[in-house]
Amino acid sequence: PPMHPAILSTTFLLSTAALSLAAPVRTVPELAAAIKTAQPGTTVELAAATFHLTQPLDLPPGLTLTGAGIGKTIITHTDAWRANHATLPDPETNHEKFDRSGYLLRCQNDAGNIAISQLTLTGPALHGAIFGMANHDLHLHHLHIENFLFSGIRTYAMKKAKIHDCTFLNAGQRWEDGKPGIKGGITGGGIFSIWLEDSEIFNNRFLVSGKAPNEHYYGIKGREAKRCRIHHNTIEAGFSIEFPFDNDEDVEIDHNILHAAISIPKFAGGPVPKSGRTFHIHHNWFRDTYSIEFVRNGVEIDHNLFDFDPKHDGGNLISAFGDKAAPGPCLFHNNLVSNPGRGVIWMNEPYANLTVRNNHIIARPLS
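Residues numbered from 1 in each chain as written. Predicted model: local features only at pLDDT ≥ 70, side-chain atom pairs only at ≥ 80, totals over all residues. Heavy atoms only, no water.

1. Some points on the overall build of the chain
Part 1 of the argument: On a plain count of helices and strands, the chain comes out with two helices and 32 strands.
Part 2 of the argument: Every one of the 367 residues in the chain was classed for burial, and the buried ones make up 52%.
Part 3 of the argument: Total accessible area on the chain stands at roughly 16,300 Å², and carbon and sulfur atoms take up 55% of it. (Helix = DSSP H or I, 4+ residues; strand = E, 2+ residues; numbered from the N terminus. Buried < 20%, exposed > 50% of the residue type's maximum accessible area, 1.4 Å probe, protein only. Areas by Shrake-Rupley, 256 points an atom, 1.4 Å probe, with all protein chains shown as cover.)

2. Quick look at the pairing of strand β25 (residues 299-302)
Part 1 of the argument: Covered by surrounding structure in β25 are Val299 and Ile301 together with Glu300 and Asp302, the residues of both alternating faces.
Part 2 of the argument: Bridge count for strand β22 (residues 279-282) against β25 is four bridges, and the pairing is parallel. The residue of β25 that forms the bridge with Ile281 is Ile301.
Part 3 of the argument: Where β25 and strand β28 (residues 330-333) come together, four bridges link them in parallel fashion. (Pairing = 2+ DSSP bridges.)

3. Notes on the pairing of strand β8 (residues 128-133)
Part 1 of the argument: Among the six residues in β8, six count as buried, and that is most of the element.
Part 2 of the argument: Across four bridges, strand β6 (residues 103-107) lies against β8 in parallel orientation. For Leu105, the partnering residue across the bridge sits in β8 and is Ile130.
Part 3 of the argument: Note that β8 and strand β10 (residues 151-159) share five bridges and pair parallel. Across the sheet, Ile130 pairs through a bridge with Ile153, a residue of β10.

4. Observations concerning the packing of aromatic side chains
Part 1 of the argument: Scanning all chains against the criterion turns up 13 aromatic pairs.
Part 2 of the argument: Here Tyr218 and Phe239 contribute two aromatic rings whose centre-to-centre distance is 5.2 Å and whose plane-to-plane angle is 15°, an arrangement assigned as stacked. Separated by 21 residues along the polypeptide, Tyr218 in strand β16 (residues 218-231) and Phe239 in strand β18 (residues 239-242) bring together distant segments of the chain.
Part 3 of the argument: The buried category is assigned to Tyr218, whose relative accessible area is 4%.
Part 4 of the argument: Taking the centre distance of 5.6 Å and the plane angle of 40° together, the rings of Phe294 and Tyr351 count as tilted. On the criterion of sequence distance, the pair formed by Phe294 in the loop between β24 (292-293) and β25 and Tyr351 in the loop between β30 (343-347) and β31 (354-357) is long-range, its members being 57 residues apart. An identical accessibility class is assigned to Phe294 and Tyr351; each is buried.
Part 5 of the argument: Every member of this aromatic cluster is reached through a ring pair, and the members are Phe98, Tyr103, Phe131, Tyr156 and Trp195.
Part 6 of the argument: The ring of Phe192 carries Arg154 above its face, with NZ or CZ at 4.1 Å from the centroid. (Phe/Tyr/Trp six-rings, centres within 6.5 Å; stacked < 30°, edge-to-face > 60°. Lys NZ or Arg CZ within 6 Å of the ring centre and 35° of its normal.)

5. A word on the side chain of Ser263
Part 1 of the argument: By secondary structure assignment, the location of Ser263 is in strand β21 (residues 261-263).
Part 2 of the argument: On the basis of relative accessibility, which here comes to 2%, the residue Ser263 falls in the buried class.

6. Re the side chain of Asn335
Part 1 of the argument: Tracing the chain through its elements places Asn335 in the loop between β28 and β29 (336-338).
Part 2 of the argument: What makes Asn335 buried here is its relative accessible area of 0%.
Part 3 of the argument: Beyond its immediate chain neighbours, meaning those up to four positions away, Asn335 contacts Ile301, Asp302, His303, Asn304, Phe306, Asn358, Asn359 and His360. (Contact = heavy atoms within 4.5 Å.)

7. Some thoughts on the nonpolar core
Part 1 of the argument: Grouped together as the largest cluster of nonpolar side chains are 77 residues, with contacts concentrated most on Leu105, Phe294 and Ile301.
Part 2 of the argument: Counting ten residues, the second largest nonpolar core, distinct from the first, contains Phe131, Leu149, Phe150 and Ile194. (Core = buried A, V, L, I, M, F, W, Y, C linked by side-chain atoms within 4.5 Å.)

8. Let's talk about the pattern of salt bridges
Part 1 of the argument: The final tally for this structure, using the stated rule, is 14 salt bridges.
Part 2 of the argument: Here Glu92 and Lys221 are joined by a salt bridge, their closest N and O atoms 3.7 Å apart. In this pair, Glu92 sits in the loop between β5 (74-77) and β6 while Lys221 sits in strand β16, placing the two residues 129 residues apart along the sequence. Each member of the pair Glu92 and Lys221 is classed as buried.
Part 3 of the argument: Glu242 is the salt-bridge partner of Arg223, the closest N and O atoms lying 3.4 Å from each other. (Salt bridge = Lys/Arg side-chain N within 4 Å of Asp/Glu carboxyl O.)

9. Some thoughts on the confidence of the model for the chain
Part 1 of the argument: Across the chain, pLDDT averages 89, with 88% of residues at or above 70.
Part 2 of the argument: Counting interchain partners and residues more than four positions distant, the pLDDT-below-50 stretch residues 177-182 has three contacts. (pLDDT = per-residue confidence, 0-100.)

10. A word on unusual backbone geometry
Part 1 of the argument: Residue Val295 is bonded to the preceding Phe294 through a cis peptide linkage, with omega at 10°.
Part 2 of the argument: In this chain, Gly328 is followed by Pro329 through a cis amide linkage whose omega measures 5°.
Part 3 of the argument: Tracing the chain through its elements places Pro329 in the loop between β27 (316-320) and β28.
Part 4 of the argument: The residue His255 is not glycine, and still its phi comes out positive at about 55°.
Part 5 of the argument: For His255, the position within the fold is in the loop between β19 (249-254) and β20 (257-258).
Part 6 of the argument: In this structure His255 comes out as partly exposed when scored by relative accessible area, which is 34%.
Part 7 of the argument: The phi dihedral of Asn358 is positive, around 55°, even though this residue is not glycine.
Part 8 of the argument: Looking at the secondary structure, you find Asn358 in the loop between β31 and β32 (360-362).
Part 9 of the argument: Classification of Asn358 by relative accessible area gives exposed; the value is 55%.

11. Things to note about the environment of Gly62
Part 1 of the argument: With respect to the helices and strands, Gly62 occurs in the loop between β3 (57-59) and β4 (64-66).
Part 2 of the argument: The buried category is assigned to Gly62, whose relative accessible area is 14%.
Part 3 of the argument: Sequence separation between Gly62 and Pro40 is 22 residues, and the spatial gap between their C-alpha atoms is 4.1 Å.
Part 4 of the argument: When near neighbours in sequence (up to four residues on either side) are disregarded, Gly62 contacts Pro40, Gly41, Thr42, Gly112, Asn113 and Ile114.

Below you can see the structure in the form of structure tokens.
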């Protein structure tokens with residue numbers, strides 16, 4: 001006979017309670033087995049422990065992987081597992097040649113709705129912490145990612161992602177292969193995303209220790225972003241944010257603390273999308289006198305604080321080094337500049353449709 005509603009309700013509550021009380025995963029074999037059998041909607045909870053992997057973990061669609069907290073649950077690699085330095089730097093846009101073997105966690109190709117949180121992910125001998133190819137609705141939050149050779153998070157063709165409340169430490173530095181005098185080039189970043197759409201990166205901290213070659217460390221690096229917002233991050237790096245190629249559209253960069261430059265140069269400025277805007281850079285606190293690499297068409301820069309130390313003011317706030325005329329436009333307005341360094345705008349190439357208005361600029365005496 002049909003089950004009484006009260007009994008049915010009690011049965012459901014007991015079932016969900018049993019799931020919520022399941023013991024957290026405590027060993028690498030348990031973790032590998034849990035992920036291998038996971039169905040969409042499954043949450044794999046890790047205990048407070050250190051997991052030494054011997055190969056990447058491939059995460060299926062709809063999986064939530066969560067730990068006991070940053071510094072409590074740590075995923076790293078064994079001493080025997082070391083990534084191949086010869087495949088760095090990766091070819092950036094030629095995904096068929098990516099070496100994906102040197103990442104702790106890999107999202108399965110085209111997989112959606114993967115979430116990773118409450119973990120520490122650390123190297124040092126791997127390319128990166130997380131790799132993803134053509135994923136959507138990826139949610140990465142409350143992670144500490146430290147000491148990788150190329151990039152903390154490396155993605156290609158990602159859509160509708162959220163990356164927030166993470167800390168990156170030396171995750172994307174210029175790598176070294178241990179041989180004297182042989183080093184990699186200017187390569188990855190804390191987050192390195194090619195073809196990023198409809199995504200948000202916020203409330204993250206990108207840090208550099210005194211031992212890292214931070215002059216080549218990028219906070220956030222990309223190649224073509226559309227309808228993305230990067231906000232409320234603190235970025236201490238050789239370059240804060242870099243998007244140097246074509247087809248960027250409606251990228252909003254706001255309310256960040258930036259210790260180095262935003263780099264958005266494109267030969268002759270690049271095309272302007274139908275929306276009329278490539279980048280909107282506003283309400284940021286710039287700390288380095290070399291603040292914005294130019295030129296780019298369809299840009300608005302407003303309501304920022306450019307606050308430069310007179311002892312380290314050898315750069316130009318906006319700098320460009322090309323030789324082909326750019327049509328613009330660019331609107332630079334309502335900014336506060338405390339000590340302009342060598343100058344506010346220095347561009348080698350002709351640039352049309354440049355509007356500069358309503359800025360407050362204070363020159364500080366040299367010490």
